[in-house]
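Observations on the model geometry
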Amino acid sequence: MNIWRDSADDVDNQGVRTITVPVSLDMVNLLGPRDEFLRLLERRLEAGIMVRGNRITLTGRADAVELAWQVFTEMITIARTGQGLTSEAVERIVVMESDDSDVPPSKILTQDILSNRGRTIRPKTLNQKRYVDAIDSHTLTFGVGPAGTGKTYLAMAKAVQALQSKQVNRLILTRPAIEAGERLGFLPGTLSDKIDPYLRPLYDALHDMLDPDRVPKLITSGVIEVAPLAYMRGRTLNDAFIVLDEAQNTSSEQMKMFLTRLGFNSKIVVTGDITQVDLPGGIPSGLRQVGDILDGIDDIAFCRLTSHDVVRHRLVGRIVAAYDRYDITHPPRTGRRQEQQ
């Protein structure tokens, strides 16, 4: 069923398209407060945009008009679901349509994973959607990419979702304590005092996704376990959703140890950034090696995210891309930078 009327014309490769927005849709929701989204589109799109009432007329080169029409189509589709648009969402719609994505942006940006305290967690890029879908359909999923791409946050959201829907009985969240050089005995305080700073990002994510007063209770009862990787040795983890974060800082032996903890009715997600290896003494990263070792095995997915998937401040994506370009033009000489390639 058509949700709006569209007319098109094409003369000498010049296009004109008119969209009539349904009267049930408030134009402020589509164009933004004080036309914020409209101003953004005027900067990002090459087509001319004229709005009168609930009619939007697009003019210019045929390809530019077509792109603008697709962007408005997706914006209208999202707005009609009742989900509010944001400048970030509009920006991502433009990027995805410009990249000729094989999945409509509206399918990506309306895929709810978890809601808590009025905030909903969703994938924000095509690669993030593929990652989330891979977690759903595989027992073991690897999410590899730079900082800010959501690989850990989305894995945590899927873990909490699985717990709330009773797919599993417990969550196990782990990281290697490599930042302390694995020499925790030299740090002041109790064992908990020594370990907690290296697990703090996992606690922070939990507090985003669950009511803060529930988190200590779930940890005390053992429903949620947050522990360093060394605590996984010798265990079989049944009925659990297990997330290994910062996996680039595992050795090959540690990675094998962790993966073989998998028990019945369990799911594992492994996340990491192979450009941020902190292993001492040139020890090779288990995350770098595991792709070659497990390649071709059924029920295992490898998902790679890039600077295009960074969902932090937009400057973070540019910083990651700049470092990627630098690494290409300045190959490493020796030492730990060798691991970063």
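Scope of this entry: the structure provided in the associated data block.

Calculation rules
Residues numbered from 1 in each chain as written. Predicted model: local features only at pLDDT ≥ 70, side-chain atom pairs only at ≥ 80, totals over all residues. Heavy atoms only, no water. Buried < 20%, exposed > 50% of the residue type's maximum accessible area, 1.4 Å probe, protein only. Helix = DSSP H or I, 4+ residues; strand = E, 2+ residues; numbered from the N terminus. Phe/Tyr/Trp six-rings, centres within 6.5 Å; stacked < 30°, edge-to-face > 60°. Lys NZ or Arg CZ within 6 Å of the ring centre and 35° of its normal. Pairing = 2+ DSSP bridges. Axes fitted to C-alpha atoms, helices over the stretch in contact; angles between N-to-C directions. Contact = heavy atoms within 4.5 Å. Patch = residues over 30% accessible without salt bridge, like charges linked within 9 Å, V, L, I, M, F, W, Y side chains within 5 Å. Areas by Shrake-Rupley, 256 points an atom, 1.4 Å probe, with all protein chains shown as cover. Salt bridge = Lys/Arg side-chain N within 4 Å of Asp/Glu carboxyl O. Core = buried A, V, L, I, M, F, W, Y, C linked by side-chain atoms within 4.5 Å. Expected span 1.5 Å × (residues − 1).

The subject of this paragraph is the pairing of strand β9 (residues 224–228). The element β9 is extensively covered by neighbouring structure, given that 5 of its 5 residues are classed as buried. Neither face of β9 is exposed, since Ile224, Val226 and Pro228 on one face and Glu225 and Ala227 on the opposite face are all buried.

Now for the packing of aromatic side chains. Applying the stated criterion across every chain, the model contains 1 aromatic pair. Measuring from ring centre to ring centre gives 4.6 Å for Phe142 and Phe302, while their planes differ by 5°; the resulting arrangement is stacked. In this pair, Phe142 is assigned in strand β7 (residues 140–144) and Phe302 in strand β12 (residues 300–304), connecting sequence segments 160 residues apart. Accessibility expressed as a relative area gives 0% for Phe142, which makes it buried. For the cation-ring pair, Arg17 lies above Trp69, with the distance from its terminal atom to the ring centre recorded as 4.3 Å.

Right, let's talk about the sheet that holds β9 for a bit. Reading across the sheet, the 6 strands line up as β9-β8-β10-β11-β7-β12 and stay open at both edges, with parallel pairing between neighbours. Since the sheet does not close on itself, it has two edges, and those belong to β9 and β12, each with one partner. Between one strand axis and the next, the sheet turns by 15° as a mean value, whatever way the strands run. Set on the sheet, helix α11 (residues 286–294) makes contact with β7, β11 (267–272) and β12; between it and β7 the angle comes to about 135°.

Bringing a nonpolar patch on the surface into the picture now. Among the surface-exposed residues, Leu315, Ile319 and Tyr323 lie close enough to one another that they form a single nonpolar patch of about 320 Å² accessible area. Turning to its location among the elements, Leu315 is positioned in helix α12 (residues 314–329). Given the relative accessible area of 45%, Leu315 is considered partly exposed.

Our next topic: the nonpolar core. Residues Leu30, Leu41, Ile56, Leu58, Phe72 and Met75 are the most contacted members of the largest nonpolar core, which totals 35 residues. Residue assignment for this core shows that the elements contributing at least two residues are α1 (27–31), α2 (36–44), β4 (55–61), α3 (62–80), α4 (87–98) and α5 (105–109). With 10 residues, the top contributor of residues to this core is α3. Within the second largest apolar cluster, 34 residues are counted, among which are Val132, Leu171, Leu173 and Ala205.

A few words on the pattern of salt bridges. Between side chains of opposite charge, a pair can form when the charged atoms approach closely. For the coordinates displayed, the defined rule picks out 16 salt bridges. With a shortest N-O distance of 2.7 Å, Arg61 and Glu46 are connected by a salt bridge. Here Arg61 is found in strand β4, whereas its partner Glu46 is found in the loop between α2 and β3 (48–52), with 15 residues between them in sequence. The closest approach of N and O atoms between Arg235 and Glu225, which form a salt bridge, is 2.8 Å.

Before going further, it helps to spend a moment on the pairing of β4. In the sheet, strand β2 (residues 14–20) pairs with β4 via 7 bridges, with the strands oriented antiparallel. Bridging across to β4, Thr20 finds its partner in Arg55. Sheet topology places β3 next to β4; 5 bridges connect them, and they run antiparallel. Bridge pairing in β4 places Ile49 opposite Leu58.

Right, let's talk about helix α6 (residues 126–137) for a bit. Taking 1.5 Å per residue, 12 residues should reach 16 Å; α6 reaches 17 Å between its end C-alpha atoms and fits that length. All buried positions along α6 are accounted for by Leu126, Gln128, Lys129, Tyr131, Val132, Ala134 and Ile135.

Here Arg170 shows up in strand β8 (residues 170–175). Each residue touching Arg170, except ones within four places of it in the same chain, is listed here: Leu163, Gly222, Val223, Arg235, Thr236, Leu237, Asn238, Asp239, Ala240 and Phe241.

Now for the environment of Lys107. Note on placement: Lys107 falls in helix α5. As for Lys107 and Thr77, which are separated by 30 residues in sequence, their C-alpha atoms are 9.5 Å apart.

Another point: unusual backbone geometry. Positive phi values are uncommon outside glycine, yet Lys166 reaches one of about 65°. Relative to the elements of secondary structure, Lys166 occurs in the loop between α7 (151–164) and β8. With phi around 55°, Asn265 is a residue other than glycine that occupies positive phi space. As for its placement among the helices and strands, Asn265 is situated in the loop between α10 (252–259) and β11.

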